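Residues per chain, in single letters:
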Amino acid sequence: MAKYNPSEIEAKWRERWERDGTDKTDLYGAKKPFYNLMMFPYPSAEGLHVGNLFAFVGSDIQGRYHRLLGYDVFEPMGFDAFGMHSENFALKTGRHPAEMVPKNIERFRETQLKKVGLMLDWHHQVDTTSPDYYRWTQWMFVTLYKNDLAYRKRAAVNWCPSCNTVLAAEQVIDGQCERCQSVVTKKEMAQWFFRTTAFAAELLDELDRMDWSERTKTAQRNWIGRSHGAEVRFKVDGGPDFSVFTTRPDTLFGATYMVFSPEHPMVDEITTPDRVKDLADYRQRAQALTEVERQSEGREKTGVFTGSMAINPVNGEKIPIWVADYVLMGYGTGAIMAVPAHDERDHEFALKFGLPIREVVSGGDPDVDVSREAYVGDGNLVNSGEFNGLAAKTEGIFAITRMLESRNLANFTTNYRLRDWCVSRQRYWGPPIPIIYCDKCGEVPVPEKDLPVLLPKLADYRPDGSGLSPLARDEAFHKTVCPTCGGQAHRETDVSDNFLCSAWYFYRYPSTGFTDRPFDPDLTAKWLPVDLYVGGNEHAVLHLLYSRWLCRALNKCGYLNFTEPYKKFVAHGMIVKNGAKMSKSRNNIVNPDEYIKEFGADSFRMYLMFMGAYLEGGDFRDGGVKAMKAFLDRLFAAALPPEGEVLDPSPPGDPETLFWLNSTIKAVGADLARFSYNTAIARIMELVNHLTKNKVRNHVVSETLAQLLAPLAPHLAEEIWESLGHNQSVFKSRWPSHDEAACQKPEVEYVIQINGKVRGKFSMAVGLPPEEIEPLVLNNEAVAKWLEGKTIVKKIFVPDKLVNLVVK
RNA sequence: GCCCGAGUGGUGGAAUUGGUAUACACGACGGACUUAAAAUCCGUUGACUUAACGGUCAUGGGGGUUCAAAUCCCCCCUCGGGCACCA
C-alpha cells in the first residue's frame, strides 16, 4: 500500500496543473462566469502571514467548489505594492522600494502562494506599481477631477508626525496613525480630496439591499453616520445671521447659550474688543491639542465668552455666544445651540460656567431634576409657549421646525459623519498625482495621452516632514510646461493614497494587457461586478468603502453600468494563537511555510479550516496540523485501492454505507455553501471513520471522497482521483449528487420523555404514525415506573424524533 | 453612552426550523504491538452520586414563556468589534 507523501504528491500536481493550464480561465469563452475575488496582499514583509493564508484558503475553497458545480471560475491574484506599508518596510530594511518590491512579489508568488494550492490564474496578475497599472490609477484621478469629484482645498488635516504625511479620516484609528500608531496631529494644509460625501446617502441606503456580512455593513453604517434634524438660523444681536444644526429642534426654548467651534470663521467678527485676547489665547491652545487630547472622554469642558449675544428665533431671547472646543468645525455648521437641560455635554458646560438650565421636556417623573443631570428621554414640551404639551420627539420636532420654516428661519436637513477622502500623501512610493500648476491656467490635469506621470527613481526617497513630498526635491520631476498654454509650470509632487490603487484593482484583472482604457468594456460586462469577495473586516471603512464609492463615481461618469462592485462580500474571522492575538512582540507568529514543508499544504489548509468557524475565526494550536496529517493518512489508506488491485466499480450495497455516502455529500455541500468549513471536514471525518471501522472499500465511495475533498485538499484529491483510473483532473468532474431517500437512516431512534425528561429510547422504522408508536411507548419497561400511579394528561408526538408524555 | 457579534466539557469547537446538549477533533487515562520509545490500532473520558441498574445537576448569571429552551422574551455580568464631546 502506497503511503501518503504530501511533498511528492503536491509537487507533482503543482507541475501538472501548470502544464495543463488547469487553473487558467477562458475569459471570453466562459459560459457561467464566476468571479472569485480575494484581497490582494501587500508584498511588504518577510512573507505572507498565516492570516493571509487563512483568508486565501477560505476563498479558494469557494472558487474550487463553484468550479465543481460547473461555473467558469476566475480566481486572480495581485500585489498591492504601492504605499506606506511597502515604503516603510523598505526604509526599515534599507533597500530601495523599487528593488525590494519586485523581489518580494516574486518570492511571495513562487515560494508561498504557489505552494498553498490556490486555484489562481497567474496569467492575470496585477502589480499596482507597474506603470501599465498606475497609468490608470492616475486616469482615475483625472477623470474624477474632470467630473468635479476631486478638488483641492486648504483645511486642517490629519498629520502623522512619524510617517510625515497627511492621512484620511479613515486611516486615523482612535487618534492614531493606522500604519505606525503614532498620535496624529492637525495641520492646516492645501490637499486633494475626493468627494466621498457626495454619495453618502446612496452608499448608506444601498447597504440595506446588499448581500454582505452584517458586521461589515454595521461598520459602514456607523461610519457614514446619518442624523436627521434641522438647520436653524440665529441672529447675532447687532450682527450677522448664522446657522446651527440640531437633532432636537423641539428643545429650542431650552437653549440658554450658543457655542461656536474655535475654528469657526465668524469668531473674529463677533468677538467684542475686550475679549479679543482671551479668544486668541483659547483658540491657539485648542489648535495645539491633538485629536486624542481634544476628544478624550471625560475631559473637563473648556470655553470662553465672545462678548456677543444671539437672538433665539423662537422667543426673541438674547443668549450669550461662547467658543468651546467641544464643538467641532467639521460637523454640521460648526456651531450649536446649547440646551443644558437635555444634553449631557451642554449640561456639564453650563454647570462649570454657571449658565442657566431650563427644562423644556418633562418625562413626567417628579424625581428628575435637570439642574442635577440632563434629561435626554422622551416626554412632553413645557416652558415652550404655544408648543407646550406636545410629545417632544414625535410632535415637537416637527411643529417647531415647521413654524420656523414658514418664517424662513429653519429647514429640515440631514447630516453625515462621513468626511471627504483626503488623498494627498507627502510620500515617495505611490502614483504621482497627475496635476500641473500653471501661473496662467491654474490647475491643469495631465492630458490622458501623457499618462502615466512616471515616478522617478530617487536615491533619497525619505519623507522629510516639510509638508512636501520627496518628489519636490527633484527639480527634473516637478518643473514642466503647461499642457494648455505651453508656459512654465510645475507638477503636483504629492502622490495619491494607496487606497486609490486598491479601489479599482479588480476591474483590471480580467483586462490585464488592455491598453486603451483601464478595463475592457466587453470583459467588464461579462465578469463584473465581482460575484464573491472574501476578506478581512478591518477594511470595512477603508478599502471596502472607498471601492464602493469609486464604483459609484465611475458609474456617474459613464464608465460603468453598475453601482456596486461586489455582489456578495463575506468577512472571515480572525485567527489567534492559543487564545492570544499574534504579534511580533508576543513572539507567537505562526510561520506557515514551516508547517507546509513538514506536513504538506493540504494538511495545513485542512487544519486552518478545521480550527474554528471560518466566519468567526479560530485558535491555532501547534498539534493541529500534525493531527490533520494523521487524518489524511487514514483517508488516503481508506480511499486507495490496495496495491495492484482495482476496486469493484459497482456502488456500495450495504445500507449503512449508502446512508453515510449520501448524507455526507448532502451535508458537505450545504456546509461549503455557508462557509462552514469546520463542520464540512467533520462530516468527511465521520465518513472515513465509518469506512475504516467497517473495512469498507469501494470505488464509488472513493471517487466521491476525492470530490468532496477537492475544494479543501486539492492535491490529495487529485492523487486519489487519478489512482482510481481517471486521466483528467478531478476539477473537470461535477460535484456528486446525493440520493435524498438514502440520507435518511432506515431506522430512527425515538426518545421517550416524561415531563420533558428523557426516560427511555427505542429504535423504529421511519415514518410510523402516532397510533403505532404509542403502544411501544406505554409498554416500554424503562418508562413504566415513571407512569406508576400517575395519569397522562397530554401526549406529544414529534415524527421520527420523540414522544413526550405529560403526567400528573 | 449607542450599535453589532459572542459566552457550551480539561482544550478547539458542534447542534438549518424550540425536540436525545457536548458532533468532529485535541488532550488525558487504560490496553494492544515493541527490548524500549515513537508511530499505529482498540477502548474510556461533562460534573456529582451509586456496588450496580440508575439518579441529580450542567450551555456566563437571574427571572419568564412552553409539554419541551444553548435556541424565544425581560433584566444583569463578561469578552471581541464598530461609532463616540457628531450637537
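The present account deals with the structure reproduced in this document. (Residues numbered from 1 in each chain as written. Chains lettered and ligands numbered in written order. Predicted model: local features only at pLDDT ≥ 70, side-chain atom pairs only at ≥ 80, totals over all residues. Heavy atoms only, no water.)

1. Some points on the overall build of chain A
Condition: Counting from the N terminus, the helices are DSSP H or I runs at least four residues long and the strands are E runs at least two residues long. Only protein chains enter the accessibility calculation, which uses a 1.4 Å probe. A residue is then buried if its area is under 20% of the maximum for its type, exposed if over 50%, and partly exposed in between. Every residue pair with non-hydrogen atoms within 4.5 Å of one another is taken to be in contact. Accessibility throughout is a Shrake-Rupley quantity obtained with a 1.4 Å probe, and a residue counts as covered only by protein chains that appear here.
A count of helical and extended segments in chain A gives 26 helices and 34 strands. For chain A, the spread of C-alpha atoms along the three principal axes comes to 100 × 85 × 50 Å. Residues classed as buried in chain A amount to 55% of the 808 residues present. If you take every contact in chain A between residues at least 6 apart in sequence, the share linking residues at least 24 apart comes to 72%. A total of about 34800 Å² of accessible surface is found on chain A, and carbon and sulfur atoms cover 50% of it.

2. Focus: the environment of K187
With respect to the helices, strands and loops of the structure, K187 is situated in strand 9 (residues 185–194). Look at K187 and you get partly exposed, because its relative accessible area is 28%. Along the sequence, K187 and G467 sit 280 residues apart, while their C-alpha atoms lie 9.3 Å from each other.

3. Brief notes about the nonpolar core
Put simply, the rule reads: Note on terminology: a nonpolar core comprises buried Ala, Val, Leu, Ile, Met, Phe, Trp, Tyr and Cys residues joined through side-chain atoms within 4.5 Å.
In terms of nonpolar packing, the biggest core is built from 175 residues, with Y507, W549, F620, L635, I684 and I720 touching the most fellow members. If we skip the residues at most four places from it in the chain, Y507 touches F519, L528, C551, L554, L560, F562 and P565. In this structure, A255, Y257, V259 and I319 belong to the second largest nonpolar core, which totals 48 residues.

4. Regarding empty space enclosed by the protein
What counts is decided by this rule: Here the term cavity refers to a set of points on a 1 Å grid, laid over the protein atoms alone, in which a 1.4 Å probe fits but cannot get out; the term pocket refers to an open set having protein on both sides within 12 Å along at least five of seven lines, with lining residues being those that place an atom within 4 Å of a point. Grid points are joined across faces, edges and corners, and a volume is the space filled by probe spheres set on the points.
Taken as a whole and judged by the stated rule, the model has one cavity of 30 Å³ or more. For the largest cavity, the calculated volume is near 160 Å³. Taken together, 19 residues form the lining of the largest cavity, with G83, M84, R425, D497 and N498 sitting closest to its centre. Only helix 3 (84–93), strand 26 (495–496) and helix 14 (498–501) provide two or more residues apiece to the lining of the largest cavity.

5. Things to note about unusual backbone geometry
Cis rather than trans, the peptide bond between L451 and P452 has omega equal to 0 degrees. Along the chain, P452 falls in the loop between strand 23 (442–445) and helix 13 (475–478). Across the junction of L528 and P529, the peptide omega takes the value 0 degrees, indicating a cis bond. One can find P529 in the loop between helix 16 (521–527) and strand 27 (532–536). Notably, D148 is not glycine yet its phi reads approximately 60 degrees, a positive angle. Judged by relative accessible area, D148 falls into the partly exposed class, the value being 47%. The phi angle at N755 is positive, at roughly 50 degrees, despite the residue not being glycine. One can find N755 in the loop between strand 31 (747–754) and strand 32 (757–765).

6. Notes on the pattern of salt bridges
Quick note on the threshold: The rule for a salt bridge is simple: a side-chain nitrogen of Lys or Arg has to be within 4 Å of a carboxyl oxygen of Asp or Glu.
If you walk through the whole model with that rule in mind, you get 48 salt bridges. In this structure, D205 and R226 form a salt bridge, with 2.6 Å as the shortest nitrogen-oxygen distance. Here R226 lies in strand 11 (residues 226–236) and D205 lies in helix 6 (residues 200–206), a separation of 21 residues in the sequence. Residue classification places D205 among the partly exposed residues on the basis of a relative accessible area of 31%. The class of R226 is partly exposed, set by a relative accessible area of 29%. For the salt bridge of R517 with E448, the shortest nitrogen-to-oxygen distance reads 3.3 Å. Here E448 lies in the loop between strand 23 and helix 13 and R517 lies in the loop between helix 15 (505–508) and helix 16, a separation of 69 residues in the sequence.

7. Concerning the pairing of strand 27
As a reminder, the rule being used: When DSSP finds at least two bridges between two strands, those strands are taken to pair. By convention a crossover is right-handed if, when the strands point away from the viewer, the path from the first strand over the helix to the second runs clockwise.
Along strand 27, five of the five residues are buried, which leaves the element largely enclosed by surrounding structure. Two elements, strand 1 (residues 33–38) and strand 27, share three bridges in a ladder whose sense is parallel. Looking at strand 27, one finds that N36 is bridged to L532. In the sheet, strand 27 pairs with strand 28 (residues 568–572) via four bridges, with the strands oriented parallel. When the sheet's bridge partners are listed, G535 is paired in strand 28 with A571. After leaving strand 27, the chain enters helix 17 (residues 543–556) and then returns to the sheet as strand 28, a path that is right-handed.

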